[in-house]
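Spelled out from the first residue to the last, the chains are:
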Amino acid sequence: MRLRIIAGLVTAIIAGGVQAETAMVAVANNFFGPMKALNQDFSKVTPDSLEISTGSTGQLYAQIINGAPFDLFFAADKARPEKLTAAGKGFHEFTYARGTLVLWSEKAGITLTDMLKNSAFSHLAIANPKLAPYGLAAKQSLTKMNLWNQVSDKLVMGKGLNPTYQYIVTDNAELGFIAKSQVYKNGRYKTGSYWEVPIADYDEIRQDAVTLASGKDNKVVKAFLDYLKTDRAQAIIKSYGYQ
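Below, the discussion takes up the overall build of the protein chain. Within the protein chain, the secondary structure is distributed over 10 helices and 12 strands. By principal-axis analysis of the C-alpha atoms, the protein chain measures approximately 85 × 40 × 30 Å. When the 243 residues of the protein chain are sorted by exposure, 46% land in the buried category. Across the protein chain, contacts joining residues at least 24 apart in sequence account for 78% of those joining residues at least 6 apart. Accessible area of the protein chain: about 12,100 Å², with a carbon and sulfur share of 52%. If you average the places of the 27 positive and of the 21 negative side-chain charges in the protein chain, the two averages end up 3 Å apart.

Bringing the side chain of D41 into the picture now. When you line up the elements, D41 lands in helix α2 (residues 32-45). Of the residues examined, D41 reaches a relative accessible area of 9% and is grouped as buried. Dropping the residues within four chain positions of it, D41 is found in contact with Y227, R232 and I236.

Looking at helix α9 (residues 219-228), one finds that the buried residues are V220, V221, F224, L225, Y227 and L228. Along the axis of α9, the buried residues cluster in a sector spanning 155°; they form a single face.

In space, the five strands of this open sheet follow the order β7-β6-β8-β5-β11, with mixed pairing throughout. If you trace the sheet from one side to the other, it starts and ends with β7 (155-158) and β11 (193-196), each paired once. Pairs of neighbouring strands in the sheet enclose a mean axial angle of 30°, with direction left out of account. Note: strand β6 (residues 124-127) against β7, four bridges, orientation parallel. Across the sheet, residue I126 finds its bridge partner in β7, namely M157. Running at roughly 150° to strand β8 (residues 175-179), helix α8 (residues 161-169) makes contact with β5 (101-105), β6, β7 and β8 of the sheet.

As a further point, take the environment of L116. Take L116: it is sitting in helix α5 (residues 112-117). In this structure, the C-alpha to C-alpha distance between L116 and F91, residues 25 residues apart in sequence, is 42 Å.

Looking now at unusual backbone geometry. In this model, N146 sits at a positive phi of 60°, which is unusual for a non-glycine residue. Structurally, the position occupied by N146 is in the loop between α6 (133-144) and α7 (148-151). Judged by its relative accessible area of 67%, N146 falls in the exposed class. The phi angle at D171 is positive, at roughly 65°, despite the residue not being glycine. Examined against the element boundaries, D171 turns out to sit in the loop between α8 and β8.

Conventions and cut-offs
- Residues numbered from 1 in each chain as written.
- Predicted model: local features only at pLDDT ≥ 70, side-chain atom pairs only at ≥ 80, totals over all residues.
- Heavy atoms only, no water.
- Helix = DSSP H or I, 4+ residues; strand = E, 2+ residues; numbered from the N terminus.
- Buried < 20%, exposed > 50% of the residue type's maximum accessible area, 1.4 Å probe, protein only.
- Contact = heavy atoms within 4.5 Å.
- Areas by Shrake-Rupley, 256 points an atom, 1.4 Å probe, with all protein chains shown as cover.
- Lys, Arg positive; Asp, Glu negative; His and termini not counted.
- Charge placed at Lys NZ, Arg CZ, Asp CG, Glu CD.
- Arc of directions from axis to C-beta.
- Pairing = 2+ DSSP bridges.
- Axes fitted to C-alpha atoms, helices over the stretch in contact; angles between N-to-C directions.

From the geometry alone we can't say anything about function, so treat these as descriptive.
Below, the structure is given as structure tokens:
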């Protein structure tokens, strides 16, 4: 009987030692798909995993400022992580990707630049420029093409890129400016028509991540950041069209 009890205790201790842990991660809409793929792969090489929440960079930043218990923040710009670092709420800021803006429609065989210049559409979807860096990039691009005023009354704005994408796929907008990663995977675009906006037409979309106060001593945070440096993680990020 005594041997059985000791054996049971040893089993419980061993089981407790390998119990999976987690970290809370806030992820900008454009990187939600890649982050899910990274998390799935991360879970293959470690017993740990991430709990992922997504939204526009502006929305997530506001939640963090108001005390949301995130351990890591993957933004779609560098400004918000810099602000968090300056305020003492963020640590170990770094660039994890550089994004690409695309104009996309679900309908194939369309010359989107002609459609855009001729205003041959009823609605054009973009993310809110005040909340989402890709929305700001879209506004900058339309301004560069002298089209902002021309199309302003046809705009439908999503709070982030996920709602913006939904406008397009639900036919509430014939076309829209979104992140390349939303319609690109494993080296190819999904069905539809696309135009990669010249990078000279908008400010560089440098996407930074930052460890937050609650994640400073979280071993899963450290393990995931180490994992991000590996070739397998970098290959996943690049497969979604990031530079």
